[in-house]
Amino acid sequence: MTAIINPAPEADITAPMPSRRRLRHQSEGGWVTYAILIVVAIVSIFPLYYVIVMASHTNAEMAQSPPPFVPNGTLWGQIKDAVGKAPLNKGLVNSFIVASCITLGTVFFCTLAGFAFGKLKFRGNNILLAICIGTMMVPPQLGVVPLFMLMSKWGMINHLQAVILPSLVTAFGVFFMRQYVMSAVPDELIEAAYIDGASTTRVFLSIVLPAVRPAMAVLGMLTFLQAWNDFFWPMMALSSQNPTIQVSFQSLRSGLFDQQSVVMAGTLYGTIPVLVVFIILGRQIVGGIMQGAVKG
Amino acid sequence: MRLSSTGRRAASAVAVVAASALFLAGCGSSSDNDNNSDTSAAGPCGTTDDITLTVGLFGTFGFKEAGLWDAYHKLCPNVTIKEDDTEASGDYWTALQTKLAAESGLDDVQGIEIGFVADVVQNHADQFVNWNEVPNAAADKAEFYDWKWQLASTEDGSDTVGLGTDIGPEAICYRPDLLKQAGLPSDRDTVASKMSTWEDFIDFGKQYMASPTKPKGSYFIDSASSVFSTAVYQGDEAYDNADGQPDVENSDGVKSAWQYATDASAAGISAGLAQWGDAWNKAFASGTFATIACPSWMIGYIQGQAGDSGKGKWDVAPVLPGGATNWGGSWLGVPTSAEHKDAAIALVEWLSAKDQQVEMFANPAAGGHFPSNQEAAADPKVANATNPYFNNAPTGKIFGDIAAQMKVPPIGTYDTPIQTAFGDALTNVETKGTSPDDAWQQALDKIKQVTG
Amino acid sequence: MSVTTTAPAGASSSRRRRRRPGSRIAYLYILPFFVVFAAFSVYPWIQTAWLSLHKVELSTFKRKPMEWVGFQNYVDLFHDHFFWNAFWNTISLALISTIPQLLMALGIAHLLNYKLRGRTFFRISMLLPYATSLAAATIIFTELFDPHVGFIDWVLRSVHLHAIDWQNSKWPAQIAISSIVTWRWTGYNALIYLAGLQAVDQQLYEAAAIDGAGRWKQFRYITLPSLRPTIIFTIVISTIGALQLFGEPKLYQPLAQPSGGSDNQYQTLSLLMYQQGFSYGHLGQASAIAWTMFVFIVLAVAVNLFLSRNRDAKGVR
């Protein structure tokens, strides 16, 4: 299986190439490109927009035919209601802590492991990689029961560790970084560094890390979102004394007078911070992706 | 700066390990505070120490909204109550079972729903405080309807796992304006007289459907499941025989309920909506159905879905076709492993006391939880309560009368999935045109999978 | 694959290769993963496997002794028509939701790679579906597809077409769920492809352009092969994810039941496992389903990799 996962060896290009690497000279997108991307963007954004609409109308208003499509001023009131009903702020803080720790840990450790699996020769590389990828193939839901028992034996229930530690290094991240390292870091560069006497760690820090920055950024974003939206295990492991944001949503339904708008307002409150972070970091991330194209 | 190769390797190793340790340390700390364990069980509050009691609930108990936590804090300033909510009772039960299996992570008070109380009694009675053995046992027991106490007790009555919160006596909630538009009688007593049996109910429904002036696109009842889940409890047996073992094929309740439900569907009086789904929620506001079997706790739900524009358009008929019965209801139990057992016991006893249970019904913010405490049910504030949203219907009297006449068949551990299996079968009849006989077989097939 | 331009021409073809120093440090680098795995995953796995050989209920787990039944759970499973129903549903949902999604993701990534105005906006918008909470998104889609009050059927009715029952009919329900899955994961995969595309050396494109290759040829002969590790990655990950499909079909049903519709018309293997384990409490059977799924997924991934290897070997260089 790993032979298939390994890409075919590169063709040797023996003709001399110009030595100065230039910035990318990319093609411009045409109007068709823009049209398609705008449609995709609208489809992607619409449901989140509709969450805002739903957050500002009562159940009865939403039941009209056709339903409303524009939010109104009651939105802020609903958000305030939501924050009053459920420990959303605590949930936000906890989720930030949890998601940040998981993201930092995952990106760092998975890059290490991805580099090792991708570029280092060692006994058992293939088998261990197969095991690593294999761990993703077991459906996770049933595992909560034995995991809970484990965590309670170690006294971590109701503490954030219970949610952070199991996700600190993921097989997904290891596999992802490995594939990227294999395609983005040329063997020759590493060979040259070894010949110059660099240690493996030095190779990692000076050659690999800069080259895989785009992938680290993408992995970081995906991991952060995954950790942020995780519900089932945090629901079992954390009470609403120490909730992550998804767990804190549980308190939003006041049941009998159940207003969808409050639930949606709370959901919005729990999603907007993530988006703000992305928008702020977005430039950095895009910049990172761009820079990665200039190697060395 | 050249280290030897071993030195370099060691430095790398240290760096990696140090980084890992930093992550684990930094990411590992949390911000919860330890509770003091209480040392003395003193006074009516169960303790004199400053403590926080955790109460694990699901869905719709309404204690917080009714202001009961604040009221208790005034009574017992040393006790702070924190609610631990899970939205869906299914998720709650999964988590509770896991915690019971691990014997850790339980709250001081845990809610128990009628859907899984039988399981708690059968399999976890020793993990909950036995209310027959608390200091106030006799007084506690006398408060409740017999059947409510018995549902939470072992067969010989020696072990009781929870004190009751609410019960769900059912009546028929309906839209008098829609009935009037169809040229049918719409005042609650006349309507009640027209539907004292399911046969009458279906006939009345046929009249509604046949009326040339009825609102377009409107049906008489929301779903055949509404009929089924009400009628199934009106026999001597529901899903289980007297030993608490599932036995649907020989159950009089199941057989007659199935008959009535499929008759209702065949008569075309049902809107065929999936209960609790999106379309069903919207139908409260849009008038897609004129009647629905409503337990007292649904009063608040209807108000929430139909909104302000529905005020005055709804009413409650003092009847339940086929006889008085119950839907839903919960208990509060105290795990034996609770950190503050005596304080928790004190809280639960306070919540089931007459005044608090009256508050849970009479206070509009609480949502209409009918008391399981008999004294509370007889209290004038409950007995004389009316509901302006429902055309000033005397909800207290209506539900009180029904509560007094209710008979409750035995329950079992698989009731919830069995009910779902029948609900699915009826959905197939209503939306896929499956014949009732085929659907019955489908239900039995699923039930075999459920009971293992 | 990218090509270095700074190494002197002779070094890489030298016969005298130094043995790479410190490749034993590789074990240290992969250690964190295996530590976490050993601490938190191995025990639950082994526990689940052990449970699958017993008749055990969640409610009495750890409190009553379990009954050993050997492989009976697995045998029962293969005779269970609910299992096969879920099995085929899983395959059909996987195909409908994954293939269009990956193709679209590739195309979108290709477009996003151009020099564009508002790149950041487009790239962030791609992740919004994944950032939107699944519960909220499914509520909105369920409303869209609702046979009574939904927008899509309203449109169908207004052009005098028959309204489709997106909840209760099998294929419409599966298509509706696949659309949720596609909506949610296309941007995710597009970003993964984009990161991979950024690693492709522009000079290959320039050289090809000089040689007269058009855009499509460039895509086929430069982009695709360079993206190969990434494509393989997404195929493996998407196969695993599709066969484990759980959240979308569960939330599609009113009250988020795991039954996959009144007739189990969209119940996947994951939902069946969850239903057996948590709704009915049959931990033994549920564990057997989990391990059966594992074997099935391993086979499916192997087949997919085999197929993609063949295709590549035929095609390109």
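The model shown is predicted, which means the values in this text are computed figures rather than measured ones.

Each helix and strand counted, chain B has 20 helices and nine strands in total. The buried share among the 452 residues of chain B stands at 58%. Here the analysis covers contacts within chain B between residues at least 6 apart in sequence; of these, 74% occur between residues at least 24 apart.

Let us now look at the overall build of chain C. Broken down by element type, chain C carries 13 helices and two strands. When its C-alpha atoms are laid out on the principal axes, chain C stretches across 70 × 60 × 35 Å. Burial status across chain C gives 52% buried among its 317 residues. Of all intrachain contacts in chain C linking residues separated by at least 6 positions in sequence, the fraction that spans at least 24 positions is 67%.

Attention shifts here to the packing of helix 7 (residues 144-153) of chain A against helix 1 (residues 25-51) of chain C. Two numbers describe how helix 7 of chain A lies on helix 1 of chain C: the axes approach to 8 Å, and their chain directions differ by 130°. With respect to their mutual orientation, helix 7 of chain A and helix 1 of chain C come out oblique. The element helix 7 of chain A and its partner helix 1 of chain C pack so that their crossing is right-handed. Counted together, Pro146, Leu147 and Leu150 of chain A of helix 7 of chain A and Phe40, Tyr43, Pro44, Gln47 and Thr48 of chain C of helix 1 of chain C form the full contact between these two elements. The residue makeup of the contact of helix 7 of chain A with helix 1 of chain C, split by class, is six nonpolar, two polar and no charged.

On to the interface of chain C and chain A. Opposite the 93 residues of chain C that make contact, chain A presents 98 residues. For the side of chain C that touches chain A, the element with the most residues is helix 1 of chain C, which contributes 16 residues. Class assignment of the residues belonging to the side of chain C that touches chain A gives a composition of 59 nonpolar, 24 polar and ten charged.

Residues and elements named next belong to chain C. Residues other than glycine seldom take positive phi values, yet Lys62 does so here, at roughly 70°. Mapped onto the fold, Lys62 is located in the loop between strand 1 (54-55) and strand 2 (67-68). On the basis of neighbour count, Lys62 is assigned to the partly exposed category, with 14 C-beta atoms found within 10 Å. Phi angles above zero are rare outside glycine, and His160 is one such case at about 65°. Mapped onto the fold, His160 is located in the loop between helix 6 (151-158) and helix 7 (170-198).

Counting from both sides, the interface comprises 29 residues of chain B and, opposite them, 30 residues of chain C. It is helix 19 (residues 415-432) of chain B that contributes the most residues to the side of chain B that touches chain C, seven residues altogether. Partitioning the side of chain B that touches chain C into residue classes produces nine nonpolar, 14 polar and six charged.

To continue, consider the domain arrangement of chain B. Residue and element names in this part refer to chain B. Under the domain assignment, chain B is made up of domain 1 (51-167 + 329-377) and domain 2 (169-327 + 393-451). Relative placement of domain 1 and domain 2: their C-alpha centres are 28 Å apart. Listed as interface residues are 16 residues of domain 1 and, on the opposing side, 16 residues of domain 2. Elements represented by at least two residues in the side of domain 1 that touches domain 2 include exactly helix 4 (114-124), helix 6 (146-151) and strand 4 (163-174). It is helix 4 that provides the largest number of residues to the side of domain 1 that touches domain 2, a total of five residues. Counted by class, the side of domain 1 that touches domain 2 contains seven nonpolar, seven polar and two charged residues.

A few words now on the environment of Ala290 of chain C. With respect to the element layout, Ala290 of chain C can be found in helix 13 (residues 283-315). The spatial distance from the C-alpha of Ala290 of chain C to the C-alpha of Thr186 of chain C is 27 Å, given a sequence separation of 104 residues.

Next up on the list: the confidence of the model for chain B. All names here are of chain B. Mean pLDDT over chain B: 87, with 91% of residues reaching 70 or higher. Contacts from residues 1-5, a stretch scored under 50 in pLDDT, to residues over four places away or in other chains number three contacts. With pLDDT under 50 throughout, residues 28-41 is counted as low confidence; its partners more than four residues away or in other chains account for 28 contacts.

Their axes nearest at 8 Å, the elements helix 5 (residues 88-119) of chain A and helix 1 of chain C cross at an angle of 135°. The angle between helix 5 of chain A and helix 1 of chain C places the two elements in the oblique class. As helix 5 of chain A runs across helix 1 of chain C, the sense of the crossing is left-handed. Side by side, helix 5 of chain A and helix 1 of chain C meet where Phe109, Leu112, Ala113, Phe115, Ala116 and Phe117 of chain A of the first sit next to Ala26, Tyr29, Ile30, Pro32 and Phe33 of chain C of the second.

For helix 5 (residues 134-145) of chain C, spanning twelve residues, the distance from its first C-alpha to its last is 16 Å, which sits close to the expected 16 Å at 1.5 Å a residue. For helix 5 of chain C, the set of buried residues is Ala136, Ala137, Thr138, Ile139, Ile140, Phe141, Thr142, Leu144 and Phe145 of chain C.

Turning next to the nonpolar core. One finds Ala113 of chain A together with Val117, Ala171, Ile172, Cys173 and Phe228 of chain B to be the most contacted residues of the largest nonpolar core, which totals 323 residues. With residues up to four places along the chain from it excluded, the contact list for Ala171 of chain B reads Cys294, Val316, Ala317, Pro318, Val319, Leu320, Ile398, Phe399 and Ile402 of chain B.

Right, let's talk about helix 12 (residues 213-229) of chain A for a bit. Along an α-helix, a turn takes 3.6 residues, which lines up residues three or four apart on a common side. Along its 17 residues, helix 12 of chain A runs 24 Å from first to last C-alpha, staying within 8% of the 24 Å computed at 1.5 Å per residue. Counting buried residues along helix 12 of chain A, 15 of its 17 residues qualify, which places the element largely inside the surrounding structure.

A few words now on the pairing of strand 4 of chain B. All names here are of chain B. Strand 4 sits mainly inside the fold: twelve of its twelve residues count as buried. Bridge count between strand 4 and strand 8 (residues 326-333): four bridges; the pairing is antiparallel. Each residue of the ladder has a partner; that of Leu163, found in strand 8, is Leu332. As defined by bridge partners, strand 4 adjoins strand 9 (residues 370-371) across two bridges and the pair is classed as antiparallel. Within strand 9, the position partnered with Asp166 by the bridge is Pro371. In the sheet, strand 4 pairs with strand 6 (residues 289-295) via five bridges, with the strands oriented antiparallel.

Reading the values: the criteria
- Residues numbered from 1 in each chain as written.
- Chains lettered and ligands numbered in written order.
- Predicted model: local features only at pLDDT ≥ 70, side-chain atom pairs only at ≥ 80, totals over all residues.
- Helix = DSSP H or I, 4+ residues; strand = E, 2+ residues; numbered from the N terminus.
- Buried ≥ 20, exposed ≤ 12 C-beta atoms within 10 Å, placed from the backbone.
- Contact = placed C-beta atoms within 7 Å.
- Axes fitted to C-alpha atoms, helices over the stretch in contact; angles between N-to-C directions.
- Parallel < 35°, antiparallel > 145°, perpendicular 65-115°, else oblique.
- Left-handed = near helix turned anticlockwise from the far one by under 90°.
- Nonpolar A, V, L, I, M, F, W, Y, C, P; charged D, E, K, R; others polar.
- Domains from an automatic or database assignment.
- pLDDT = per-residue confidence, 0-100.
- Expected span 1.5 Å × (residues − 1).
- Core = buried A, V, L, I, M, F, W, Y, C linked by C-beta atoms within 7 Å.
- Pairing = 2+ DSSP bridges.

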